[in-house]
Amino acid sequence: MHVHVNAATSVDGKLSSRRREQVKISGDEDFARVDEVRAASDAVLVGVGTVLADDPHLTLDDAELVSKRESRGKSSHPARVVADSRARTPTDARILDDEATTYVLVSEAAPADRRGALETAGAEVVVAGDERVSLPAAFESLESHGVERLMVEGGGEIIFSLFDAGLVDELTLYVGSMVIGGRDAPTLADGDGFVSAFPRLSLQAVERVDDGVLLTYEC
Ligand SMILES: NC(=O)c1ccc[n+]([C@@H]2O[C@H](COP(=O)([O-])OP(=O)(O)OC[C@H]3O[C@@H](n4cnc5c(N)ncnc54)[C@H](O)[C@@H]3O)[C@@H](O)[C@H]2O)c1
Ligand SMILES: Nc1nc(=O)c(N)c(NC[C@H](O)[C@H](O)[C@H](O)COP(=O)(O)O)[nH]1
């Protein structure tokens, strides 16, 4: 499976503010590019922290991209995936509407009633891992459902885990020309952090987009 992480940060590397509310970092051109990456993916993944903070929809905004997918024999929108160890996704979350298939990756520790509630709300629940979602095991399961290209839209906890597990193939990072600051504000890669064996990336492209910079890396 090809895993493509896409995110937007401030110049100081923050994904959002210390309030963990969504901050619009990208401009129109970058959001249009994000829509194209979504359209080229079989599924789009976020962590439950992002679902709780942003309530994203993760479908395609551009009707032309929808019809191009349909003409290629694909579903109208990529599937949506939430990494959610304890099944905390609210049943009225926008990602659970019926516009696209939604997989909720949970661990064995997820309460049975929450799993049941998510299934009733239309989610395909995938169990992988004991306390926390095992990303390699969950990705194998997604592959068996035909997910060959997976886009990841954050946040910082899940992105760190993906780098830690060596699962990232490509990173596109939009750096907006703004400062957010805050020692407790989420960054591109949070988690426990690395103290050695820091993942090294290979810079492929640098491009001016909107009023910021788009960096493309092979990982
Ligand atoms: N600017 C951007 O591009 C962007 C993108 C996404 C999110 N955000 C922001 O990021 C913040 C949310 O990020 P976050 O880091 O709090 O949450 P997150 O989205 O990374 O979700 C983390 C949660 O995922 C679950 N999880 C399941 N398996 C896991 C695993 N193996 N490893 C790690 N987590 C696992 C855990 O419950 C964990 O708490 C919000 O403020 C949001 O606005 C910004
Ligand atoms: N590329 C990007 N630039 C930003 O400035 C920003 N704040 C996000 N944030 C990612 C986050 O997950 C958002 O919640 C989804 O991008 C919203 O997706 P929808 O429009 O609801 O489909 N992503």
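No experiment lies behind these values; they were computed from the predicted model shown.

Draft legend 1. How the structure looks around the nonpolar core. Counting residues in hydrophobic clusters, the biggest one holds 33 residues, and the most contacted among them are Phe139, Leu150 and Val152. What Phe139 contacts, discounting residues up to four positions off in sequence, is Met1, Val3, Leu45, Leu150, Leu162 and Leu167. Counting residues in each nonpolar core, the second largest holds 11 residues, with Val34, Leu58, Val82 and Met151 among its members.

Draft legend 2. Main features of the side chain of Thr50. Locating Thr50 in the fold gives a position in helix H2 (residues 48-54). Leave out the neighbours within four places in its chain, and Thr50 touches Asp55, Pro56, Gly154 and Gly155.

Draft legend 3. Fine view of the site of ligand 2. Around ligand 2, the surrounding shell holds 17 residues, and the nearest of these are Val23, Ile25, Ser26, His57 and Leu58. Separating an oxygen atom of ligand 2 from a backbone N or O atom of Ile25 is a distance of 2.7 Å. His57 has a polar backbone atom sitting 2.8 Å from an oxygen atom of ligand 2. Relative to its free-state accessible area of 520 Å², ligand 2 is covered by the protein chains to the extent of 86%. Tallying contributions element by element places helix H1 (residues 28-39) first for the shell around ligand 2, with three residues. For the shell around ligand 2, the residue count by class is seven nonpolar, five polar and five charged.

Draft legend 4. Spotlight on a nonpolar patch on the surface. A cluster of nonpolar side chains, Leu203, Val206 and Val213, forms an exposed patch at the surface whose accessible area comes to about 250 Å². In this structure, Val213 sits in strand S9 (residues 212-218).

Draft legend 5. Examining the UniProt feature "domain: Bacterial bifunctional deaminase-reductase C-terminal" (unreviewed entry) in the protein chain more closely. Mapped onto this numbering, the UniProt entry annotates "domain: Bacterial bifunctional deaminase-reductase C-terminal" (unreviewed entry) at residues 2-215. Here residues 2-215 runs as 26% helix and 23% strand, with 18 Å between its end C-alpha atoms.

Draft legend 6. Fine view of the sheet that holds strand S7 (residues 170-175). Strand order in the open sheet formed by nine strands is S5-S4-S3-S2-S6-S1-S7-S9-S8, and the pairing between neighbours is mixed. Edge strands, defined here as strands with exactly one partner in the open sheet, are strand S5 (124-127) and strand S8 (202-209). Each strand axis lies, on average, 20° off the axis of its neighbour in the sheet, ignoring direction. Bridge analysis of strand S1 (residues 2-9) against S7 gives six bridges, and the strand direction is parallel. Within S7, the position partnered with Thr9 by the bridge is Val175.

Draft legend 7. Representation of the environment of Arg86 in the model. Considering the arrangement of structural elements, one finds Arg86 in the loop between strand S3 (79-83) and strand S4 (102-106). A C-alpha to C-alpha distance of 4.1 Å links Arg86 and Ala110, two positions 24 residues apart in sequence. Residues within four places of Arg86 in sequence aside, it is in contact with Ala109, Ala110, Pro111 and Glu131. There is a polar contact of 2.6 Å between the side chain of Arg86 and the side chain of Glu131.

Draft legend 8. Structural view of the site of ligand 1. Neighbouring residues of ligand 1: 28 residues in total, closest Ala8, Ser16, Thr50, Asp54 and Ser161. In this structure, an oxygen atom belonging to ligand 1 sits 3.3 Å away from a main-chain N or O atom of Gly47. Asp54 is positioned with one of its side-chain polar atoms (N or O) 2.7 Å from an oxygen atom of ligand 1. For the shell around ligand 1, the elements supplying multiple residues, two or more each, are S1, H2 and helix H6 (156-164).

Draft legend 9. Quick look at unusual backbone geometry. With an omega of 0°, the peptide bond between Gly154 and Gly155 qualifies as cis. Turning to its location among the elements, Gly155 is positioned in the loop between strand S6 (149-152) and H6. Even without being a glycine, Ala197 presents a positive backbone phi close to 45°. Mapped onto the fold, Ala197 is located in the loop between S7 and S8. The phi dihedral of Asp210 falls on the positive side, at around 50°, and the residue is not glycine. Relative to the helices and strands, Asp210 resides in the loop between S8 and S9.

Conventions adopted
- Residues numbered from 1 in each chain as written.
- Chains lettered and ligands numbered in written order.
- Predicted model: local features only at pLDDT ≥ 70, side-chain atom pairs only at ≥ 80, totals over all residues.
- Heavy atoms only, no water.
- Core = buried A, V, L, I, M, F, W, Y, C linked by side-chain atoms within 4.5 Å.
- Buried < 20%, exposed > 50% of the residue type's maximum accessible area, 1.4 Å probe, protein only.
- Contact = heavy atoms within 4.5 Å.
- Helix = DSSP H or I, 4+ residues; strand = E, 2+ residues; numbered from the N terminus.
- Near = heavy atom within 4 Å.
- Polar contact = N/O pair within 3.5 Å; in protein donor to acceptor, adjacent residues only side chain to side chain.
- Areas by Shrake-Rupley, 256 points an atom, 1.4 Å probe, with all protein chains shown as cover.
- Nonpolar A, V, L, I, M, F, W, Y, C, P; charged D, E, K, R; others polar.
- Patch = residues over 30% accessible without salt bridge, like charges linked within 9 Å, V, L, I, M, F, W, Y side chains within 5 Å.
- Salt bridge = Lys/Arg side-chain N within 4 Å of Asp/Glu carboxyl O.
- UniProt positions renumbered as here; feature names shortened; annotations may be inferred.
- Pairing = 2+ DSSP bridges.
- Axes fitted to C-alpha atoms, helices over the stretch in contact; angles between N-to-C directions.

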